[in-house]
Amino acid sequence: MTESGRSVLLTGGTGGLGVAVTKRLLADGWRVVVPWITEKELERLDSHPRLVLARADLFDPAGVAEVAALAGGDEQAPLRAVVNLVGGFASGARVHESPIEDFEAMLRLNLRPLYLCTQAALPFMIDAGGGSVVAMSTKAAFAPFSGASGYVTSKAAVLAFISALAVEYRDEGIRANAVLPSVIDTPGNRASQPGSSRKGWVAPEAIAEVIAFLIGESSAAMTGAQVPVPGVG
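Below: a short report on this structure. Remember, predicted model here, so these are calculated numbers, not experimental data.

Calculation criteria
- The numbering scheme is per chain: residues are counted from 1 as the chain's sequence reads.
- Where totals are concerned, whole chains, interfaces and linings use all residues; where local detail is concerned, this predicted model gives features only for residues with pLDDT of at least 70, and gives and counts side-chain atom pairs only at 80 or more.
- No hydrogens and no water enter the side-chain calculation; it runs on all heavy atoms of the structure.
- Numbering of helices and strands runs from the N terminus, with a helix taken as a DSSP run of H or I at least four residues long and a strand as a DSSP run of E at least two residues long.
- A helix's residues, less one, multiplied by 1.5 Å, set its expected span.
- Summary of the burial criterion: residues with accessible area below 20% of their type's maximum are buried, those above 50% are exposed, and those between are partly exposed, where the area comes from a 1.4 Å probe applied to protein chains only.
- Any two residues whose heavy atoms approach within 4.5 Å at even a single point are treated as in contact.
- Each reported salt bridge corresponds to a side-chain nitrogen of Lys or Arg within 4 Å of a carboxyl oxygen of Asp or Glu.
- Centres within 6.5 Å are what make two rings of Phe, Tyr or Trp a pair, Trp counting through its six-membered ring; a difference in plane orientation under 30 degrees is then read as stacked, over 60 as edge-to-face, and the rest as tilted.

**Some words on helix H6 (residues 204-215)**
In a regular helix each residue adds 1.5 Å, so 12 residues correspond to 16 Å; H6 covers 17 Å between its end C-alpha atoms and thus fits that length. Burial in H6 covers these residues: Pro204, Ile207, Ala208, Val210, Ile211, Ala212, Leu214 and Ile215. Those residues of H6 hidden inside the fold are in contact with strand E1 (7-11), helix H1 (18-27), strand E4 (79-84), strand E5 (131-136), strand E6 (174-181) and strand E7 (226-229).

As structure tokens, then:
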């Protein structure tokens, strides 16, 4: 199925997962708008006639508004999807040994760009007659581990936000779903965990397949879903 004639705003599209998602969505026919912040990121993506790269600070409302307007400004390819991949992980001590600043940093990283980008894109998707929002959570939201209270809390909040979106915008044809992977098999994760067997890790390409499905017409009846992608083997 081709999704030609549609635009998607893809945050984190230059990252270890994002490159695979960008390639998959371009292959499916989407016009893909990818924000970036440092020029080194651009080396990870090949040029493509339907790839739009825009420098933007996704923690700044004004910068987000500009990139959303770019994504929603093509009359030939209206904005019909937002894929939020920006986020991060940090672990450390248990709660009584961790400063509140570390906790708040995880909330900011995993929630602020998600909220701002979705908020800015919604009016364009409503005008286009509907659309799809996808966000990244983690299986750790249901299976937490010690030393990651900020990460686990922020990723659980992602699920709550997606659930709220699914209810608030259902009548406008906006769907919202979350993806819950295990450890993603990216170069960064390999470097940070060199001794891991990588058993149960999930390939970026596999997650890209799931995301492509969630923003495509084949999943038109799905909203409010929490989709586990744990990997196999």
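**Some remarks on the pattern of salt bridges**
Think of it this way: side chains of opposite charge can pair up when their charged atoms draw near. Evaluation of the coordinates by the stated rule reveals five salt bridges. Put simply, Glu217 and Arg6 hold a salt bridge, and the shortest N to O gap is 2.7 Å. Of this pair, Glu217 sits in the loop between H6 and E7 while Arg6 is found in the segment before E1, placing the two residues 211 residues apart along the sequence. We classify Arg6 as buried; its relative accessible area is 17%.

**Points about the packing of aromatic side chains**
What characterises a pair of aromatic rings is the spacing of the ring centres plus the angle enclosed by the ring planes. A full pass over the atoms with the stated rule returns three aromatic pairs. Their ring planes at 45 degrees and their centres at 6.1 Å tell us that Phe89 and Phe145 sit as a pair that is tilted. Placement of Phe89 in the loop between E4 and helix H3 (100-127) and of Phe145 in the loop between E5 and helix H4 (149-168) is noted, with a sequence separation of 56 residues between them. When the centroid spacing of 4.8 Å and the interplanar angle of 90 degrees are considered together, the rings of Phe89 and Tyr151 count as edge-to-face. One end of the pair, Phe89, is in the loop between E4 and H3; the other, Tyr151, is in helix H4, with 62 residues separating them in the sequence. Ring-pair connections join several aromatic residues into one group, and the members of that group are Phe89, Phe145 and Tyr151.

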